[in-house]
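Chain by chain, the residues run as shown.
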2 protein chains.
Amino acid sequence: MSSGVDTDAAPVRFDAFSAECPSRRLLDTIGDKWASLTIVALGLNGRLRFSELAARIEGVSQKMLTQTLRNLERDGLLTRTVTPSVPVRVDYELTPLGASLLGPISHLKAWAEEHMPAVDEARAAYDRSRS
Amino acid sequence: MSSGVDTDAAPVRFDAFSAECPSRRLLDTIGDKWASLTIVALGLNGRLRFSELAARIEGVSQKMLTQTLRNLERDGLLTRTVTPSVPVRVDYELTPLGASLLGPISHLKAWAEEHMPAVDEARAAYDRSRS
DNA sequence: CAGGATCCTCTATGATACTG
DNA sequence: CAGTATCATAGAGGATCCTG
């Protein structure tokens, strides 16, 4: 907020603590409950219709799916293609930019699969300790 | 939940779409507004007191910081050390498990620094297009 | 200093109903 | 089918006051 110097110069005084920081904003995006799932779904399938996405991402409401898709489209992470057939048909597909996110996401996935059991143990131990 | 087969065998029917999926739960953790900042702060400084964390993570309320720290402690990502001096002193430090998260996070950071400008452009273009 | 307890206010999100 | 619009609500999160 104070300055626009966000380049990445400061080594210790990390400015990720500002909401302007790109890292922060990325977390705001993929940290979203449905966004990452949508990206992964499209990453696995290549191209899906609205209803197909709704079916795969179980639990998502139509409103949230629409909103999530709009946001991702706005961010240039996916494209929305409307086919004006009788019942309208809309397809969603990752852009190269969106697909490039699959890398970092897979790192998270790898960490999760490797370490979440430890987290679960820690959590159980913690809860146990305070009865 | 059904099985532990999450390895990455299933190509289409990914079970990350269940809230039980470790990937989902990890995102719930680090996607949290303050958790990732806290982890990064401790990653950079090694060990910080409550007040030091509060100072670095600008904008965080005392309530949220406390809550975030408790959650991370419960998950085994950091340790809380109380020194019963006159005014109590409490230090927080990443556990090896918590420190191992710095890797995946740095990948996100790298992606963000490299691609967020493109996202900003896309966003601007999108907003421009719909006046 | 650290943090517990409260109160209060938005915001995110779900449910529902309607439409091109 | 793929949304948009509206209503309602739980809960996140901030502000404030209090204490070991």
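Provided above is the structure to which this section pertains.
Criteria and thresholds
- Residues numbered from 1 in each chain as written.
- Chains lettered and ligands numbered in written order.
- Predicted model: local features only at pLDDT ≥ 70, side-chain atom pairs only at ≥ 80, totals over all residues.
- Heavy atoms only, no water.
- Contact = heavy atoms within 4.5 Å.
- Buried area = accessible area lost by both parts, 1.4 Å probe.
- Salt bridge = Lys/Arg side-chain N within 4 Å of Asp/Glu carboxyl O.
- Polar contact = N/O pair within 3.5 Å; in protein donor to acceptor, adjacent residues only side chain to side chain.
- Buried < 20%, exposed > 50% of the residue type's maximum accessible area, 1.4 Å probe, protein only.
- Helix = DSSP H or I, 4+ residues; strand = E, 2+ residues; numbered from the N terminus.
- 1 Å grid on protein atoms, 1.4 Å probe; cavity = no way out; pocket = protein on both sides within 12 Å on 5 of 7 lines; lining within 4 Å.
- Points joined across faces, edges and corners; volume = space filled by probe spheres on them.
- Nonpolar A, V, L, I, M, F, W, Y, C, P; charged D, E, K, R; others polar.

1. Concerning the interface of chain A and chain B
Interfaces are often described in size by the accessible area the parts lose on coming together. With 50 residues of chain A at the contact, the number on the chain B side is 52 residues. Ranking the residues of chain A by area buried against chain B places A:Phe17, A:Arg74 and A:Trp111 at the top, with a combined share of 15%. The interface formed by chain A and chain B contains six salt bridges. For A:Arg123, the salt bridge is made with B:Asp75, and the minimal N-O distance between the two is 2.8 Å. At the boundary of chain A with chain B, the tally comes to 10 residue pairs in polar contact (both at pLDDT 80 or more).

2. Some thoughts on helix α1 (residues 22–30) of chain B
With seven of nine residues buried, α1(B) lies mostly within the body of the structure. Considered for burial, the residues of α1(B) that qualify are B:Ser23, B:Arg24, B:Arg25, B:Leu26, B:Leu27, B:Thr29 and B:Ile30.

3. Remarks on the layout of surface pockets
All names here are of chain B. Of the volumes computed, that of the second largest pocket is approximately 260 Å³. Asp28, Thr29, Asp32, Asn71 and Asp75 are the residues nearest the centre of the second largest pocket, which is lined by 14 residues in total. At the level of secondary structure, the elements contributing two or more residues to the lining of the second largest pocket comprise α1 and α4 (62–74). Top contributing element to the lining of the second largest pocket by residue count: α4, with six residues. Tallied by class, the residues present in the lining of the second largest pocket amount to four nonpolar, four polar and six charged.

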